[in-house]
Amino acid sequence: MPRIYIDNMPFEVKAGKNLLEVCLSLGIDLPYFCWHPAMGSIGACRQCAVKVYKDAEDTKGRIMMSCMESVKDDLRISVCDPGAKAFRAQVIEWLMTNHPHDCPVCDEGGSCHLQDVTVMTGHDYRRYEFKKRTYTNQYLGPLINHEMNRCIQCYRCVRFYRDYAGGKDLNVFSAHNHVYFGREKDGVLQSPFSGNLAEVCPTGVFTDKTLKEHYTRKWDLTNAPAICQHCSLGCNIIAGERYGQLRSIVNRYNSEVNGYFLCDKGRFGYEFVNSENRITQTLIRHRAAEAVDEQTLMNHLPHILTGHTVIGIGSPRASIESNYALMELAGKECFYQGLPDNQVFLEQKIADILSAGTIHTPSLKEIEQADAVLVLGEDIWNTAPIMALAVRQSVMRTAAAHVQEQVPVPGWHDAALKELAQESKGFLANMSILSSPLDEIAAVQVHGTPDDMARLGFQIAHLLNNTLPAVDNAADTLLHNATMISQQLLLARHPVIITGTSSGSEALIRAAYDIAAALQNEERHPGLAFVLPDCNSMGLAMTGASSFEKALAIVQKNPDVTAVILENDLYRNIPADLVDTFFSKCRQVVVLDTLHNRTTEKADVLIPVATFAEGDGTFINNEGRAQRSYQVFMSPDKVLKEAFKWLFEMKVIRRAISNGHDVHPDEMLAGLERAYPQFKGIADVVPSHAFRIHGSRIPRESQRYSGRTAMQANKAVSEPKPLQDDDSPLSFTMEGYRGMPPAPLIPYFWAPGWNSGQAVNKYQQETGGALKGGDPGIRLFRETGAIPAYFQDIPDAFSPRQGKWFLLPQYQLFGSGELSIYTKGIAALSPEPRAILSARDAASLNMATGDLLSVQTDNRTYQFPLETRDDLQDGIVILTAGLKGMDALSWGTWVNLFK
Amino acid sequence: MISHLRTMWLVFLHLFHKRETIQYPEEKVAMRPRWRGRIVLTKDPDGGERCVGCYLCAAACPVDCIALQAAEDENGRRYPEFFRINFSRCIFCGYCEEACPTYAIQLTPDFEMAEYRRQDLVYEKEDLLIDSQGKYPGYNFYKMAGLSAGVKEKGKGENEEAPVDIKSLLP
Amino acid sequence: MTVMQHIWIVLGVLFVFLNIAAGLIWVERRLLAMWQDRLGPNRAGPLGLMIVLADTLKLFFKEDWIPPFADKWVFIFAPAIVVASVLMSFVIIPFAPGILVADLNVGLLFFLAMSSLGVYSIVLGGWASNNKYSLLGALRGASQMIAYEVFMGLSLMGVVMLSRSFNLAEIVAAQEKVWFVFLQPVGFVIFFIAGLAETHRLPFDIPESESELIAGFHAEYSGMKFGMFFIGEYLGITLISAMTVTLFFGGWLGPAFLPPVVWFFLKTFVFIGLFILLRASLPRPRYDQLLEYGWKLLLPLVLVNLLVTGAIALWMKH
């Protein structure tokens, strides 16, 4: 380890870092703008100047940009040198000459890196007397606000948007002191990662438009560490509340999972918590007054729970605690997944593969570090966007790594690496049904049916390990692609294979496994990542419960069944006919959910439950990482409890066991671990609810939380008693421990002098590294080192049928989410439902884009506007899936089409 | 000891000094304009609400007795959707006025605001907003700020150049 | 004297002194105000005199709250002790020839005994409150009492030597020619200082000192129980003033144009005024200063005084 001297103090530092990273890692406050730990240095802003000395005798030194200097042994620098300080103060003064007098009306104010740095360098008085430059703004869509006057030209936005996230439509225009960051013309930002601009921009040029609707300063939010609910990746988020409403989501750094960035669905898709459509009262249907209080409900429940068969229908979007509580209520045998057979089968297969532990499943960080990626039939751009971002990083970093092999350029030297790498890319093979934005950076793009992609996969496996069978009747392109991909994979040290459930094909999962298994040897450590549909799909799959169809069979046999449905809109996943039959056969239906939907309409007893923001819960992501999402705020509605609390009370009623105490999530997880060994270790996911630091809780509110004695004064002038949190070590007040909390309990990133999210530097072991004390979350799957067994069951090639079309889903980032659609901006960006056919098929039906196509499936006929695509194989019809109000369809079946 | 006795003697002599007490309410106090009394929200010279809902007063308040919610009108002008001061908690320290970047919140020389019910000491925006500029006439924040919120267009504010023509490369 | 006369005297003394104690509420506030160039209470009734009534009523109607963590019975009894012990002391004070409750031949010792009982109320009140500030106050009270009790007794021994009696009426009578204050100036000063400490009045209000112990031993008291401590303190002031007058300023003695009892009360009020003036003018010493002052300065001083008085008395005898 090199030893460097900073202001004559010796420090042992890590080689290969730049001085800025080193200073920040050591806790030295050094201002910066253009550098970003995830994007490296370009030395554009001139803000991080330090004095560098030749040797111990050199007293003069020279000013250098710390972000552009590598660590060298015996290097002497000074941060506090008056010359360096004056230089930094001068730079900020220049930057501020054109900065508008906007802070009071700027959404960034209070969490603004520019404010922090201005204060840090000591610039406090404007000496420049001339006029300020102004710009006109652009409309950038419903999610991001643009206020160009505030720009300080650090280039972070375009570096993130274009270089990091691969966006095309944001760019820098004009020249000299007129440079302009925006789009060519007004319009919606196309990248699904555009929300990160709000965090990447050091000032208020790009801000969160959904926050603007109910603007709250960072210091006024009640924050909690939460887990994103919108896909299976389990990104860590900080959710903030004010006045009983969820107000904003920002990224919560976790080096293993989402790092510094979130997708727009995760960042903006929180409005469902504040929706008008929330269930806020317990209802007992078929009564004169359906809304009842909790006591009436508790008196009513024994009639429907005792003396009848109770079956539980679990949910992939409910926490594992809630699912477990339902298992306990109904009994393990009477617990079903609420998903169709096929889906349960696929997810079970994935859970089995991962729990066998023969092949490593990579975290998102490991995907970023992969040197070859094969995406096998999963549209990760739409179903797991942050994984797509990670794949992009893998491609870019691999290219940079190739450059570094030839030219000794440090990894943080972004501009130099980009210059050297030019258009070269790391290896990515992207296979999907339709073309995807990932295709641009993919060396190989394949579009086809799931079975054909699986066959290609098996062929690759065969080429990697010739004891495996070859695909028969293989087309030339297939053989060519397989050869090319297998050669590239063989060159890699850490290849990653990604597949998922969205195309509904089990063959893809088998093929992906065979490829990964064939790649595995002493030198090569492949990763096998799966994408699942929902935030706790993996948790539910790990329970091993059976599908909805099995539950239906029980109901059809037994007329005396009370079904308890947990946070699951069955109509979204299962064809409406089956669900209708199910409800008609059930004697009583108890539904616990957060939002009114078609399933809750059928409930005889409807119980409101807390969303992730109002309750605690543990979610298991696609790699089997259990992560706790903490309650952000306590709903004023006392009935809005976590589902597992309701279910526990119901269990007490059903089993007629009396014990008066409430349950904590900790106890639920301990029980889960005892009852189901596959969840071993999950109880240690976070510190226990009794955890305290010096006897203090960790406050959810900042020290500067305002309005405590006035917020509710319109209702009653006496302040209510502070809310008590019995389930976690966090408090709902601003009182408590102010130091560094354990990583799973960080409610927001803040450090003295660092009010913006950049304060995360202070929470990391080193910049861009793990959080102090290790990143939160526990991986439940452990590698066993067992020898993988190949599946080898190669499907037949897809062949179109006359007059029938193979039905496949297309998931949309904006629109397919059950919950995210409640955000106005996301609903506005959600596409209209449509059917996609290949141009030839459309011609054969005598139809063109825009015509209404009738699709007959599940005994019903649906009509969709038609879109024709050239990149689609013949014989397939693709329908947008998961849009609000749409029936679930039997994906992967043959349907009839009419004009 | 001597100094103690001297103190006692001097204090004793105060028996014959003039009383300082003002017999309020029969006698009224002469109030100075900078007296820190009842808090008001003022308007700018053009009659618009000065408050832009920046939350700085609430943050500065040591007893946390100010609560507000910022909202935005169709021009993008920020205003408080509600603005509430719980005067039963207020200590009239004037930090809110000091923090206010737009001269909106001001303390006035009026302290006669006692109520029989504590609830009546909770003032909403309707109770606080006055139709005057208060102590600081002539200031309109939106003419100084960079953003355009229906008060002036971009580049028309004080000390602003016309917006940059990004299609031009001329210096 | 008949039994009825005795009863009338007892009732009369009770009536007069309880009223004086209550009236002191007004007197103290008005005087403090005067010395601070204010007016003081002047709203309720003529000259604001009804503040006494208003204050008493207020105390009666305040919530009589006993903290759940307190030692209930001790908590209730503590304030009663202070009032009872002070009132007991008034038993031996001769207000005028023939107007006294009990003509004890050990009157002075009885006074010393009773006044030292007063500390029990502080200690028990502080202990029973179960509050750290109260306990600290009680501890301070106890050590202050022990310190000052010692030389309070010793300071009076000069008077006893001169009058050759413990009976207060005889002590007053012995001042027919010259008040003992002129013969025992040191004894007077020390007795007065000890009296201040005994009543824990400012500047010696160490046991309650609001600014450090938030009212000390009676921090937890409210309503009439607090009122008892309050009245006890005023009674204590009156008692020490009355004792000072009796022992050093010739009691009821005075020119004949006023009846003796009036002389007695006039003199007493002067000392009450002095008590209040002390409060208005002197700051509170530190706790350790107070004890040091007591043990290291006043105790030797009082012993020297006793020695000199004794020597002179012996010399005079020969």
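## A word on the overall build of chain A
Point 1. A count of helical and extended segments in chain A gives 26 helices and 36 strands.
Point 2. Relative to the 2.2 N^0.38 estimate, which gives 29 Å for 899 residues, the radius of gyration of chain A is 28 Å and therefore close to what a compact globule would have.
Point 3. Once the C-alpha set of chain A is aligned to its principal axes, its extents read approximately 90 × 75 × 55 Å.
Point 4. Of the contacts formed within chain A by residues at least 6 apart in sequence, a portion of 74% connects residues at least 24 apart.
Point 5. With the model as given, the accessible surface of chain A reaches about 32400 Å², and the carbon-plus-sulfur share is 50%.
Point 6. Placing the 86 positive and 102 negative side-chain charges of chain A at their respective mean positions leaves the two points 4 Å apart.

## With respect to the interface of chain B and chain A
Point 1. Counting residues at the interface gives 48 residues for chain B, matched by 49 residues for chain A.
Point 2. At the junction of chain B and chain A, the tally comes to 6 salt bridges.
Point 3. The residue Arg708 of chain A makes a salt bridge to Asp64 of chain B at a minimum N-O spacing of 3.8 Å.
Point 4. At the junction of chain B with chain A, the criterion picks out 34 residue pairs in polar contact (both at pLDDT 80 or more).
Point 5. Elements that contribute at least two residues to the side of chain B that touches chain A include exactly α2 (56-60), β2 (66-72), β3 (78-86), α5 (141-144) and β6 (160-163) of chain B.
Point 6. Ranked by residues supplied to the side of chain B that touches chain A, first place goes to β2 of chain B with 6 residues.

## A short note on the pairing of strand β26 (residues 617-620) of chain A
All names here are of chain A.
Point 1. Of the two faces of β26, the one lined by Gly617 and Phe619 and the one lined by Thr618 and Ile620 are each fully buried.
Point 2. In this structure, β26 lies alongside strand β27 (residues 625-629), joined through 4 bridges in antiparallel fashion. Directly across from Phe619, in β27, lies its bridge partner Gln627.
Point 3. The hairpin formed by β26 and β27 contains 4 residues between the paired strands, and Gly624 there has a positive phi angle of roughly 80°.

## Overview of the side chain of His230 of chain A
All names here are of chain A.
Point 1. Mapped onto the elements of the fold, His230 is located in the loop between β11 (222-227) and β12 (236-242).
Point 2. Using a relative accessible area of 11% as the deciding quantity, one classes His230 as buried.
Point 3. One polar contact links the side chain of His230 to the main-chain carbonyl oxygen of Gly269, over a distance of 2.8 Å.
Point 4. Not counting the four nearest positions on each side in its chain, His230 is found in contact with Lys265, Gly266, Gly269, Tyr270, Phe272, Leu819 and Ser820.

## Topic: the interface of chain C and chain B
Much of the literature gives interface size as the accessible area that the parts lose upon coming together.
Point 1. Of the residues lining the interface, 15 residues belong to chain C; the matching set on chain B comes to 17 residues.
Point 2. Taken over both partners, the interface formed by chain C and chain B buries close to 1400 Å², and the fraction arising from carbon and sulfur atoms is 61%.
Point 3. Of all residues in chain C, Trp35, Asp37 and Arg43 of chain C give up the largest surface area on contact with chain B, accounting jointly for 42% of the area buried on that side.
Point 4. Our enumeration of links across chain C and chain B arrives at 1 salt bridge.
Point 5. The closest approach of N and O atoms between Glu26 of chain B and Arg43 of chain C, which form a salt bridge, is 3.1 Å.
Point 6. Applying the counting criterion to the chain C and chain B interface returns 9 residue pairs in polar contact (both at pLDDT 80 or more).
Point 7. Counting only elements with at least two residues in the side of chain C that touches chain B, the list comes to α1 (3-35) and α11 (260-281) of chain C.

## Quick word on the pattern of salt bridges
Point 1. Applying the stated rule across the entire model yields 74 salt bridges over all chains.
Point 2. A salt bridge links Glu256 of chain A to Arg625 of chain A, with the nearest nitrogen and oxygen atoms 3.6 Å apart. Of this pair, Glu256 of chain A sits in the loop between β13 (245-251) and α7 (264-268) while Arg625 of chain A sits in strand β27, and the two are 369 residues apart along the sequence.
Point 3. The exposure class of Glu256 of chain A is partly exposed, given its relative accessible area of 23%.
Point 4. As a salt-bridge pair, Arg84 of chain B and Glu124 of chain B come within 2.8 Å of each other at their nearest N and O atoms. With Arg84 of chain B in strand β3 and Glu124 of chain B in the loop between β5 (122-123) and α4 (125-128), this pair connects stretches of sequence that are 40 residues apart. In this structure, Arg84 of chain B and Glu124 of chain B share a single accessibility class: buried.
Point 5. Put simply, Asp577, Asp580, Arg598, Lys602, Arg860 and Asp887 of chain A are held in one network by salt bridges that share partners.

## Details of helix α8 (residues 294-305) of chain A
Every α-helix carries 3.6 residues per turn, so stepping three or four residues along brings you back to the same face.
Residues and elements named next belong to chain A.
Point 1. A rise of 1.5 Å per residue sets the reference length of α8, with its 12 residues, at 16 Å; its end C-alpha atoms lie 16 Å apart and thus fit the reference within 8%.
Point 2. Those residues of α8 not exposed but buried are Leu297, Met298, His300, Leu301, Ile304 and Leu305.
Point 3. Phi for Gly307, located one or two positions after α8, is positive at around 80°.

## Quick notes on the packing of aromatic side chains
Point 1. Following the criterion strictly, the structure yields 52 aromatic pairs over all chains and no others.
Point 2. Measuring from ring centre to ring centre gives 4.9 Å for Tyr155 of chain A and Phe181 of chain A, while their planes differ by 90°; the resulting arrangement is edge-to-face. Of the two residues, Tyr155 of chain A is situated in the loop between β7 (144-146) and α4 (156-164) and Phe181 of chain A in strand β9 (residues 180-182); the sequence distance between them amounts to 26 residues.
Point 3. Exposure remark for Phe181 of chain A: the relative accessible area of 1% places this residue in the buried category.
Point 4. Seen in terms of ring centroids, Tyr324 of chain A and Tyr676 of chain A are 6.3 Å apart; in terms of plane orientation they differ by 90°. Their pairing is edge-to-face. Placement of the pair is Tyr324 of chain A in helix α9 (residues 320-330) and Tyr676 of chain A in the loop between α24 (665-675) and β28 (698-699), with a sequence separation of 352 residues. For the pair Tyr324 of chain A and Tyr676 of chain A, a shared accessibility class is recorded, and that class is buried.
Point 5. Among the aromatic residues, ring-to-ring pairing joins Phe111, Trp179, Phe188, Phe191, Phe192, Phe248, Phe249, Phe271 and Phe275 of chain C into one connected group.
Point 6. The ring centre of Tyr243 of chain A lies 4.7 Å from the NZ or CZ of Arg242 of chain A, which sits over that ring.

## Describing the sheet that holds strand β4 (residues 62-65) of chain A
All names here are of chain A.
Point 1. Taking strand neighbours across the sheet as the criterion, the 5 strands line up as β2-β1-β5-β3-β4 in an open arrangement whose pairing is mixed. Two strands bound the open sheet, and with one partner strand each, they are β2 (9-12) and β4. Averaged over all pairs of adjacent strands, the angle between strand axes in this sheet comes to 40°, irrespective of strand direction.
Point 2. Bridge count for strand β3 (residues 49-53) against β4 is 4 bridges, and the pairing is antiparallel. In the strand pairing of β4, Ala49 is matched with Met65.
Point 3. The strands that helix α2 (residues 82-97) touches are β3, β4 and β5 (76-78); relative to β3, the one it contacts most, it runs at about 155°.

## Looking at the sheet that holds strand β32 (residues 835-838) of chain A
Residue and element names in this part refer to chain A.
Point 1. As summarised here, the arrangement of the 6 strands in space is β31-β35-β32-β34-β33-β36, forming a closed barrel in which the pairing is mixed. Adjacent strand axes in the sheet meet at a mean angle of 45° when their direction is disregarded.
Point 2. In this sheet, strand β34 (residues 860-869) lies alongside β32 in parallel orientation, the contact comprising 4 bridges. What sits directly across from Ala835, in β34, is Leu866.

## Some words on the environment of Gly757 of chain A
Residue and element names in this part refer to chain A.
Point 1. Its location among the elements puts Gly757 in the loop between β29 (730-731) and β30 (778-779).
Point 2. Separated by 507 residues in the primary sequence, Gly757 and Val250 have C-alpha atoms spaced 8.6 Å apart.
Point 3. Apart from the residues lying within four places of it in its own chain, the contact partners of Gly757 are Lys218 and Phe749.

## Brief notes about the domain arrangement of chain A
Point 1. Entries for chain A in the domain assignment read domain 1 (3-96), domain 2 (282-344 + 539-686), domain 3 (361-525) and domain 4 (805-898).
Point 2. A straight line from the C-alpha centre of domain 1 of chain A to that of domain 4 of chain A covers 55 Å.

## Here we look at the packing of helix α4 (residues 107-129) of chain C against helix α5 (residues 132-163) of chain C
Residues and elements named next belong to chain C.
Point 1. It is at 8 Å that the axes of α4 and α5 come closest, and there the two elements cross at 175°. By the angle between their axes, α4 is roughly antiparallel relative to α5. Across the interface between the two elements, Leu108, Phe111, Leu112, Ser115, Ser116, Val119, Ile122, Val123, Gly126, Trp127 and Ser129 from α4 touch Ser134, Leu135, Gly137, Ala138, Gly141, Ala142, Met145, Glu149, Met152, Gly153, Leu156 and Val160 from α5.
Point 2. Counted by class, the contact of α4 with α5 contains 14 nonpolar, 8 polar and 1 charged residues.

What counts, and where the lines are drawn
Residues numbered from 1 in each chain as written. Chains lettered and ligands numbered in written order. Predicted model: local features only at pLDDT ≥ 70, side-chain atom pairs only at ≥ 80, totals over all residues. Heavy atoms only, no water. Helix = DSSP H or I, 4+ residues; strand = E, 2+ residues; numbered from the N terminus. Rg over C-alpha atoms; globule rule 2.2 N^0.38 Å. Contact = heavy atoms within 4.5 Å. Areas by Shrake-Rupley, 256 points an atom, 1.4 Å probe, with all protein chains shown as cover. Lys, Arg positive; Asp, Glu negative; His and termini not counted. Charge placed at Lys NZ, Arg CZ, Asp CG, Glu CD. Salt bridge = Lys/Arg side-chain N within 4 Å of Asp/Glu carboxyl O. Polar contact = N/O pair within 3.5 Å; in protein donor to acceptor, adjacent residues only side chain to side chain. Buried < 20%, exposed > 50% of the residue type's maximum accessible area, 1.4 Å probe, protein only. Pairing = 2+ DSSP bridges. Buried area = accessible area lost by both parts, 1.4 Å probe. Expected span 1.5 Å × (residues − 1). Phe/Tyr/Trp six-rings, centres within 6.5 Å; stacked < 30°, edge-to-face > 60°. Lys NZ or Arg CZ within 6 Å of the ring centre and 35° of its normal. Axes fitted to C-alpha atoms, helices over the stretch in contact; angles between N-to-C directions. Domains from an automatic or database assignment. Parallel < 35°, antiparallel > 145°, perpendicular 65-115°, else oblique. Nonpolar A, V, L, I, M, F, W, Y, C, P; charged D, E, K, R; others polar.

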